Amino acid sequence: MIPSAFEYHRPADVAGAVKLLAELGEDARVLAGGHSLIPMMKLRMADLEHLVDLQAVPELKQVSVADGTVTLGAMVTQHDLIASEELFAAAPILRETALQIADPQVRYMGTIGGNVANGDPGNDMPGLMQCLGAVYVLEGPEGRREVAARDFYEAAYMTDRADDEILVQVRFSATKGGYAYEKQKRKIGDYATAAAAVLIEAEGGTVKSASIAMTNVSDTPVWSEAAAQAITGTSCDDAAVSAAVEAMLADIDPQEDNRGPIAFKRHVAGVILSRAIARAFQRA
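Quantities reported herein were computed from a predicted structural model and do not represent experimental measurements.

Undergrad: How should helix 1 (residues 14–24) be read in this particular structure?
TA: Owing to its 3.6 residues per turn, the α-helix aligns residues three or four sequence positions apart on the same side. The complete set of buried residues in helix 1 reads Val14, Ala17, Val18, Leu20 and Leu21. End-on, the buried residues of helix 1 take up no more than an arc of 160°, which puts them together on one face. What points out from helix 1, more than 90 degrees from its buried face, is the exposed set Ala15, Lys19 and Glu23. The inward-facing, buried residues of helix 1 abut strand 1 (7–9), strand 2 (28–31), strand 3 (50–53), strand 6 (135–140) and strand 10 (166–173). Phi for Gly25, located one or two positions after helix 1, is positive at around 75°.

Encoded structure:
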């Protein structure tokens, strides 16, 4: 289908984009990579009068790794995450996750900001950002503010971002130790039936600290503190992994859809988390 008529705007900086959103009001939407918004427009599920394209804003494409902190502009693409050796050295789980998103054509255009900002429970990066303890930087008419990724998601497609705000940066600490992003999907390029992001720091064969987050098993990404605590202080033996899986299963709330019934999704989530923990611990 063809989208309904709209006015196209291409600001040169963040301030110009924020000003446009304030002036145009609720009939305007920000365009990043477009892989979520454009299909919605074509299906007439998103009927808007103004499109504010961020492709010409250079500051949103910047990548910085300094003093142990990774800062990504919102328009950094999934391909950029895969190609950057600097990012791989600082947080290799970024590349592992991005490589499992869609296909190369999508990854050349799809952005980190677009992936985390719209609240789609099937997107891979929101769960990863919760695992990383990331912070989102938002800019609006009242200036800039920061929101923890673990506090950002309220329900499916509902987030803490106001309509007149733009997500401009994602920031998190460089990682140490082992990592894994495991994803089960029906076919290449599909959303996950369930996915798990795991970070583990180990010392002397024992887990010193861990972080675990799940994707597409609730209407928001799920950071499972209880699951991480279940393996902390252990050697990731079968009993510890089973305890982590049980803790995670208590935190999630999958719904039946075309990816399977609830019981199947819970089973898949457990298998995927077990694999991710094993691989992250091996790398640690």
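There is more to say after this.
Undergrad: Would you explain the side chain of Gln100 in this entry?
TA: Within the secondary structure, Gln100 sits in the loop between helix 5 (93–98) and helix 6 (104–109). For Gln100, a relative accessible area of 17% gives the class buried. Within the structure, Gln100 has its side chain in polar contact with the backbone oxygen of Tyr181 (distance 2.9 Å). Discounting residues that sit within four places of it in the chain, Gln100 has contacts with Tyr181, Glu182, Lys183 and Lys185.

Undergrad: Explain the sheet that holds strand 13 (residues 206–215) here, please?
TA: The strand order 11-12-13-14 describes an open sheet built from four strands, whose pairing is antiparallel. Edge positions in the sheet fall to strand 11 (178–185) and strand 14 (222–223), since each has one partner strand and no second. The sheet contact formed by strand 11 and strand 12 (residues 192–203) spans eight bridges and is antiparallel. Paired with Lys185 across the bridge in strand 12 is Ala192. The strands touched by helix 8 (residues 124–132) within the sheet are strand 11, strand 12, strand 13 and strand 14, with strand 13 carrying the most contacts at an inclination of about 155°.

Undergrad: Hey, could you run me through the packing of aromatic side chains in this one?
TA: We describe a pair of aromatic rings using the distance from one ring centre to the other and the angle between the two ring planes. Summed over the entire model, instances satisfying the criterion amount to three aromatic pairs. Consider the rings of Tyr136 and Phe152, whose centres lie 5.0 Å apart with planes at 90°: the pair is edge-to-face. With a gap of 16 residues between them, Tyr136 in strand 6 and Phe152 in helix 9 (residues 149–152) connect regions that are remote in the sequence. Per residue, the accessibility class of Tyr136 equals that of Phe152, and both read buried. Ring centres of Phe152 and Tyr153 lie 5.0 Å apart, and the angle between their planes is 90°; this geometry places the pair in the edge-to-face category. Neither residue differs from the other here; Phe152 and Tyr153 are each classed as buried. In this structure an aromatic cluster arises from ring pairing among Tyr136, Phe152 and Tyr153. The ring of Tyr179 has Arg283 lying over it, and the distance from NZ or CZ to the ring centre is 4.0 Å.

Here is what the cut-offs are and how they apply
- Residues numbered from 1 in each chain as written.
- Predicted model: local features only at pLDDT ≥ 70, side-chain atom pairs only at ≥ 80, totals over all residues.
- Heavy atoms only, no water.
- Buried < 20%, exposed > 50% of the residue type's maximum accessible area, 1.4 Å probe, protein only.
- Helix = DSSP H or I, 4+ residues; strand = E, 2+ residues; numbered from the N terminus.
- Arc of directions from axis to C-beta.
- Contact = heavy atoms within 4.5 Å.
- Polar contact = N/O pair within 3.5 Å; in protein donor to acceptor, adjacent residues only side chain to side chain.
- Pairing = 2+ DSSP bridges.
- Axes fitted to C-alpha atoms, helices over the stretch in contact; angles between N-to-C directions.
- Phe/Tyr/Trp six-rings, centres within 6.5 Å; stacked < 30°, edge-to-face > 60°.
- Lys NZ or Arg CZ within 6 Å of the ring centre and 35° of its normal.

Nothing here speaks to function; it is geometry throughout.
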